[in-house]
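Listed below, chain by chain, are the residues.
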Amino acid sequence: MSRLVFCDIVKSEFSGIVYHANYLRFMERGRTNHLRLMGAEQQALFEQPATDDAGFAFVVRSMHLDFLKPARMDDVLDVVTWPIAVKGASIMLAQEVRRGDDVLVKAEVRVAFISGGRAQPIPKSIRTLMKADVIS
């Protein structure tokens, strides 16, 4: 299983506990970093000239989150991201926000591939790239 890790130092709210919506930002950065490390930079894909991958962007289609434990001020968190399935115009990713061995938040995220504002089949080059890491 391929897991790519992204670290961030938490800035918390007045209560000393991280506000739940901040996890969405942490996970977005983790997904972007995961795709970049796999060789699929979003900005480069969107700006490419007329090729198989031209004008594509990744957008979140759906998300399921389980908040298990809070993060606190000055925690160093790992956002671990890995693919679950690639099909049609979307990829399903699993993500965990961790503090050491503790899992704080679990998420399943469906990311759609769009071009011209509409969902499109994932280009062959991207599909090949992502399937290489999909768990059987």
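Before any of the text, the structure's been laid out above.
Notes on the structure in this doc start here.

Analysis parameters
Residues numbered from 1 in each chain as written. Predicted model: local features only at pLDDT ≥ 70, side-chain atom pairs only at ≥ 80, totals over all residues. Heavy atoms only, no water. Helix = DSSP H or I, 4+ residues; strand = E, 2+ residues; numbered from the N terminus. Expected span 1.5 Å × (residues − 1). Buried < 20%, exposed > 50% of the residue type's maximum accessible area, 1.4 Å probe, protein only. Salt bridge = Lys/Arg side-chain N within 4 Å of Asp/Glu carboxyl O.

1. A few points about helix 1 (residues 22-38)
Link 1 in the chain: An ideal rise of 1.5 Å per residue puts 24 Å on 17 residues; helix 1 measures up with 25 Å between its terminal C-alpha atoms.
Link 2 in the chain: If you check which residues of helix 1 are buried, you get Asn22, Tyr23, Phe26, Met27, Gly30, Arg31, Thr32, Asn33, His34, Leu35 and Met38.
Link 3 in the chain: Downstream of helix 1 by a residue or two, Gly39 has a phi angle that is positive, lying close to 100°.

2. Things to note about the pattern of salt bridges
Where charged atoms from two side chains of opposite charge come close, those side chains can pair.
Link 1 in the chain: This structure, assessed with the given rule, holds four salt bridges.
Link 2 in the chain: Across the pair Glu28 and Arg31 runs a salt bridge, and its minimum N-O distance is 2.5 Å. With Glu28 and Arg31 both in helix 1 and three residues apart, the pair spans about one turn of that helix.
Link 3 in the chain: Under the relative-accessibility criterion, Glu28 is labelled partly exposed at 35%.

By themselves, these figures tell us nothing about what the structure is for.
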